[in-house]
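Understanding the architecture of this molecule
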Amino acid sequence: MQLVIELKSLDEAQWRERLTPDQYRICRQAQTEPPFSGRYYFHDQVGCYHCVCCNGALFSSEQKYLSGQGWPSFWAPLHQRAIKTRLDERGDVVRTQVVCARCQAHLGHLFEDGPPPTGLRFSINSAALKFVAVEV
Ligand SMILES: [Zn+2]
């Protein structure tokens, strides 16, 4: 069991040091990885997806589904309090940004075209996630 990283001590330079360039660009600068490029899109093992920045548990394989869009997709987070959403007004279209509640890492975007029971699609960059398998 890894300890949760104490985040208040990390500034942007320290994040840059701790993360790979891809992880930094996505999690701290809110970029998006190219579709179908991430390691977790077709990933279907049983387990939990953690924040690559702070190791907080974000999503479970139980809510993961193949959306056809090219990014790991979940119809719900592991816990409502694990993530936060806010408006992303950078593009032509206003989208809902999904961030880690604990460390504010950019994770992806939320769309309302997901499957039942929520109808939601949390479209998450693989680079923002770290998978931990459940022993069965
Ligand atoms: Zn985090």
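Heads up: these notes are all about the structure in this document. (Residues numbered from 1 in each chain as written. Predicted model: local features only at pLDDT ≥ 70, side-chain atom pairs only at ≥ 80, totals over all residues. Heavy atoms only, no water.)

1. Regarding the nonpolar core
Cys-53, Leu-58 and Phe-59 are the most contacted members of the largest nonpolar core, which has 27 residues in total. For this core, the elements supplying multiple residues, two or more each, are helix H2 (21–27), strand E1 (47–51), strand E2 (57–60), strand E6 (95–100), strand E7 (106–111), strand E8 (121–124) and strand E9 (129–133). (Core = buried A, V, L, I, M, F, W, Y, C linked by side-chain atoms within 4.5 Å. Buried < 20%, exposed > 50% of the residue type's maximum accessible area, 1.4 Å probe, protein only. Helix = DSSP H or I, 4+ residues; strand = E, 2+ residues; numbered from the N terminus.)

2. A few points about the coordination of the zinc ion
For the zinc ion, every protein donor is listed as Cys-51 (SG), Cys-54 (SG), Cys-100 (SG) and Cys-103 (SG), and the spread of their distances is 2.3 to 2.4 Å. For the zinc ion, the four donor atoms in the first shell make angles of 101 to 115 degrees at the metal, a pattern classed as tetrahedral. Taken in sequence order, the residues that donate to the zinc ion follow the motif C-x2-C-x45-C-x2-C. In this pair, Cys-51 sits in strand E1 while Cys-100 sits in strand E6, placing the two residues 49 residues apart along the sequence. Exposure remark for Cys-51: the relative accessible area of 1% places this residue in the buried category. Accessibility expressed as a relative area gives 1% for Cys-100, which makes it buried. (Donors = N, O, S within 2.8 Å, 3.2 Å for Na, K, Ca; no water. Tetrahedral: all angles 85-135°; square planar, octahedral: opposite > 155°, others 65-115°.)

These figures capture arrangement, not role.
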